[in-house]
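Structural overview
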Amino acid sequence: MELWSRADPQLREVVWFSLRCRALALLLQAVFNVLIPDHAADAFSPPRSGPWGLWDALLERLLGGLGRWDAEHFLFIAERGYLLEHNCAFLPLFPLGLRLLAALLPCPVPLQPRSRLLLAAALLNALLAVLAAAALLALGRAVLRRPSQAFLAALLFSVSPAGVFMAAAYSESAFAALAFGAMWQLEKGRGWLSGLLFALAAGARANGMVNAGFVLYSRGRRFVLRLQGTAASPRELPVLWKQVLSLVCSAALVCAGISLPFALFQYYAYVRFCEPGTGLAQSVPEALLQLARDKGYRVAGVGEAKPPWCSQRFPLVYSYIQDAYWNVGFLRYFELRQIPNFLLALPVTLLCSWAAWTYVSANPRHCLTLGLERSKGEERGKARDGFCGPAVFVYVVHSTALLAFGFFCMHVQVLTRFLGSSSPILYWFSAHLLLEHEPLLWSTGSDKPASGKPPLGKSHSSCGKGTSDNPVVRLLLNWRSITPLSKSILGFFLGYWLLGLVLHCNFLPWT
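For every chain, the first residue of the written sequence is number 1, and numbering continues from 1 along that sequence. For this predicted model, a pLDDT threshold of at least 70 governs which residues receive local features, and a threshold of 80 or more governs which side-chain atom pairs are given and counted, while totals over whole chains, interfaces and linings are taken from all residues. Note that water and hydrogens are dropped before the side-chain values are worked out from all heavy atoms of the structure.

This part is about the overall build of the chain. Numbering goes from the N terminus for both helices and strands, where a helix is a DSSP run of H or I of at least four residues and a strand is a run of E of at least two. Helix and strand counts for the chain come out as 22 helices and zero strands. Exposure categories follow from relative accessible area, calculated using a 1.4 Å probe and restricted to protein chains: below 20% of the type maximum is buried, above 50% is exposed, and the middle band is partly exposed. Taking all 511 residues of the chain together, the buried fraction comes to 51%. By definition in these notes, contact holds between two residues if any of their heavy atoms fall within 4.5 Å. For the chain, the proportion of contacts with a sequence separation of at least 24, taken over those separated by at least 6, is 75%.

Here's what the structure looks like:
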């Protein structure tokens, strides 16, 4: 540990800050779960199996807040598999991880499966959140090339406004760790490893398939830049066509590989719910069958009628569930009664829109050419660094595409966790604003603000030798003296982090 801390104090601080934030989140959700009565929400709540003992009741008191809303689906799938049709909206990687860890955990006292799974979820997501923060730090260093900006962004991730979903039995932490890790490996030039991590991410959340765009853009950009400045002679045309064909074939393989986990799961769901003779009815408890009858849930192997999606040309259970069960679709959420949910999504919408506008304003030509033209700075080996550097372009496009899709086609209140677990832009841009406009931070890093403002002191840099300073803690300890912009950003992060623990853990509506 000592060698590690000396080698990389920033990484050490990110890891320990992440662990401390996770411990505090677990403590607060337990306190709020005890003090605030659960709201009687119309949410999925399957019957509990088996008699509950003293240790089960204790774990439910301590960790029960992690099993609310969609976490009930993940825990149910991990315990019983995909018995109910609408469970198929939740992809299998995270439930499989929960089930495996729960089976491996040494347990000196008797516990019911749900209790073991809750404990496994708390431990697994704590580990995954740390890995995600570390991966974000490494990715930021590779892309931004400003260590202090990457460091601050990784620290902000630990107090993410989507923090409750990183702690609860949701797949957000797993997806963030895999996606950020894959992006980092791609930046390091490790294409096959990044493709594997992207494929695993697509097995955790459906929007992981969009990440194939990173690999496609990386390969396409390298190919285009290699062609620039070289005039192909007629003799070289056959070679050029072979290179184009190779690029197209590799792009197709990448897309197929990253989409494979999602496609395999759709096939599994088809066999599970559309093929006759599964014979599952005998193994389904009567209490669960009664719940399915009361709520209109379709149970695998029960009933002779096939679900309507089985007869579609492309039988995708995921799309059917989003449409039939949750009314997800283009502009379907644009109703007057959904105004409170649009207000919940307003901060992240404004922040990510501002990020896109800032980047486009700073790099109009780079954006118009889709980053496929080598800039003069790149030719001289002095490409612009920081948030407005050329390497950030593809991440801004990715974030903006997710924002537009989520705003117009999804339940808009999920935008905070959707973007917070999928894109580094929320954290990079927030770090960029803080370092550019907060005088208190100008003396804490070796990276000078792009605006040219002079540093205000000569304190040891968090990037240099010695103890790593934590700029988030410094801002909080000097709350009264920081700028209104810094208060707004930290207020959004910490306010949503805390409100999520209060509301989500008691079945109250949240993002």
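So, on to the packing of helix α15 (residues 339-362) against helix α20 (residues 425-437). The N-to-C vectors of α15 and α20 enclose an angle of 75 degrees; their axes lie 10 Å apart at closest approach. Relative to α20, α15 is oriented roughly perpendicular. Here Val348, Leu351, Cys352, Trp354, Ala355 and Thr358 of α15 lie close against α20, whose contacting residues are Ile425, Leu426, Phe429, Ser430 and Leu433. Any residue that is not Ala, Val, Leu, Ile, Met, Phe, Trp, Tyr, Cys, Pro, Asp, Glu, Lys or Arg is counted as polar, Gly included; the first ten are nonpolar and the last four charged. For the contact of α15 with α20, the residue count by class is nine nonpolar, two polar and no charged. Between the N-to-C directions of two axes lies an angle of 0 to 180 degrees, each axis being a line fitted to C-alpha atoms and, for a helix, fitted only over the stretch in contact. Angle categories: roughly parallel below 35 degrees, roughly antiparallel above 145, roughly perpendicular from 65 to 115, and oblique for all the rest.

The next point concerns the pattern of salt bridges. What counts as a salt bridge is simple: a side-chain nitrogen of Lys or Arg found within 4 Å of a carboxyl oxygen of Asp or Glu. According to the stated counting rule, one finds 18 salt bridges in the structure shown. For the salt bridge of Glu60 with Arg114, the shortest nitrogen-to-oxygen distance reads 3.4 Å. Here the residue Glu60 occupies a position in helix α3 (residues 54-63), and Arg114 occupies one in helix α6 (residues 113-144), the gap between them amounting to 54 residues. The same class applies to Glu60 as to Arg114, namely buried. Notably, a salt bridge pairs Asp323 with Arg332, separated by 2.5 Å at the nearest N-O pair. Looking at Asp323, the relative accessible area reads 38%, which means it is partly exposed. Judged by relative accessible area, which is 33%, Arg332 ranks as partly exposed. Overlapping salt bridges bring together Asp38, Arg48, Glu60, Arg68, Glu72 and Arg114 as one network.

Each pair of aromatic rings taken from Phe, Tyr and Trp, with Trp reduced to its six-membered ring, is defined by centres within 6.5 Å and is described as stacked if the planes are under 30 degrees apart, edge-to-face if over 60, and tilted in the remaining cases. In the structure shown here, the tally under the stated rule is 33 aromatic pairs. Look at Phe74 and Phe90: their rings are 5.2 Å apart centre to centre, the planes differ by 70 degrees, and that puts the pair in the edge-to-face class. Separated by 16 residues along the polypeptide, Phe74 in helix α4 (residues 71-80) and Phe90 in the loop between α4 and α5 (93-104) bring together distant segments of the chain. Here Phe74 falls in the buried class, since its relative accessible area comes to 4%. On the basis of relative accessible area, Phe90 is assigned to the buried category, the value being 9%. Relative to Phe94, the ring of Phe74 lies with its centre 5.5 Å away and its plane at 85 degrees, an arrangement referred to as edge-to-face. With Phe74 in helix α4 and Phe94 in helix α5, the pair connects residues that are 20 residues apart, well separated along the chain.

What follows is about the environment of Phe198. Relative to the assigned elements, Phe198 resides in helix α10 (residues 191-202). Taking the C-alpha atoms as reference points, Phe198 and Phe180, separated by 18 residues in sequence, lie 9.1 Å from one another. Here Phe198 is in contact with Ala179, Ala182, Met183, Leu186, Gly208, Asn211, Phe214, Val215 and Ile258, once residues within four sequence places are set aside.

The next point concerns the UniProt feature "transmembrane region" (unreviewed entry) in the chain. UniProt positions are given in the numbering used here, feature names are shortened, and annotations may be inferred rather than shown by experiment. UniProt marks residues 117-139, 151-171, 191-217, 244-269, 342-362, 383-408 and 489-510 with the feature "transmembrane region" (unreviewed entry), using the numbering shown here. Structurally, residues 191-217 comprises 67% helix and 0% strand, and the distance from its first C-alpha atom to its last is 12 Å. For residues 489-510, the helix share is 73%, the strand share is 0%, and the end-to-end C-alpha distance is 19 Å.

With that settled, consider the packing of helix α2 (residues 9-35) against helix α7 (residues 147-158). Here α2 crosses α7 at 15 degrees, and the two axes come no closer than 9 Å. Comparing the axis directions of α2 and α7 gives the class roughly parallel. The hand of the α2/α7 crossing is right-handed. Contact residues: α2 offers Gln10, Glu13, Val14, Phe17, Ser18 and Cys21, while α7 offers Pro147, Ser148, Phe151, Ala154, Leu155 and Ser158. A per-class count over the contact of α2 with α7 returns seven nonpolar, four polar and one charged. For a crossing to be left-handed, the near helix must be turned anticlockwise from the far one by less than a right angle; the clockwise case is right-handed.

It is worth spelling out the confidence of the model for the chain at this point. Scored between 0 and 100, pLDDT is the confidence that the predictor attaches to each residue. Residues of the chain with pLDDT of at least 70 account for 89%, and the chain-wide mean is 88. A low-confidence stretch, residues 1-5 stays under pLDDT 50, and its non-local contacts, those more than four residues away or across chains, total five contacts. Ignoring residues within four places in sequence, the model shows residues 454-468, a span with pLDDT below 50, making 27 contacts including any to other chains.

Turning to helix α11 (residues 212-227), a few remarks are in order. Side chains that are three or four residues apart share a direction in an α-helix, a result of its 3.6 residues per turn. Expected helix span is given by 1.5 Å per residue-to-residue step, counting one fewer step than there are residues. With 16 residues, α11 should cover 22 Å at 1.5 Å per step; its first-to-last C-alpha distance of 23 Å lies within 8% of that length. Where α11 is concerned, the buried positions are Ala212, Phe214, Val215, Ser218, Gly220, Arg221, Phe223 and Leu225.

Our focus in this paragraph is the nonpolar core. Among buried residues, the Ala, Val, Leu, Ile, Met, Phe, Trp, Tyr and Cys ones that are joined through side-chain atoms within 4.5 Å form a nonpolar core. The biggest cluster of nonpolar side chains holds 137 residues, and the ones touching the most others in it are Phe387 and Trp428. The element best represented in this core is α6, accounting for 15 residues. In this structure Trp428 touches Leu136, Leu139, Gly140, Val143, Leu144, Gln149, Ala153, Phe387, Val392 and Tyr395, once residues within four positions along its chain are discounted. With eleven residues, the next largest nonpolar core counts Phe76, Leu83, Tyr297 and Val299 among its residues.

Disulfide assignment relies on a single distance test, namely cysteine sulfur atoms paired within 2.5 Å. Taken as a whole and judged by the stated rule, the model has one disulfide. With a sulfur-sulfur separation of 1.7 Å, Cys274 is cross-linked through a disulfide to Cys310. Linking Cys274 and Cys310, the disulfide has an S-S dihedral of approximately -75 degrees and is accordingly described as left-handed. On the criterion of sequence distance, the pair formed by Cys274 in helix α12 (residues 237-274) and Cys310 in the loop between α13 (286-295) and α14 (317-324) is long-range, its members being 36 residues apart. No disulfide involves Cys88; its sulfur sits 9.6 Å from that of Cys274, the nearest cysteine.

Before going further, it helps to spend a moment on the side chain of Glu85. With respect to the helices and strands, the residue Glu85 is situated in the loop between α4 and α5. Taking relative accessible area as the criterion, Glu85 reaches 0% and is therefore assigned buried. Ignoring any residue separated from it by four or fewer positions in sequence, one finds Glu85 in contact with Phe273, Arg298, Pro307, Trp309, Val317, Tyr320, Ile321 and Tyr325.

Patch membership needs two things, relative accessible area over 30% and no salt bridge, and members are linked within 9 Å if like-charged or within 5 Å if nonpolar (Val, Leu, Ile, Met, Phe, Trp, Tyr). Residue burial considers only the protein chains on display, and all accessible areas are found by Shrake-Rupley using a 1.4 Å probe. On the surface, Leu24, Leu27, Val31, Val34 and Leu35 cluster together into a nonpolar patch covering about 450 Å² of accessible area. Along the chain, the position of Leu27 falls in helix α2.

The subject of this paragraph is the side chain of His86. Mapped onto the fold, His86 is located in the loop between α4 and α5. Setting aside its immediate chain neighbours within four residues, His86 contacts Phe44, His73, Tyr297, Ile321, Tyr325 and Trp326.

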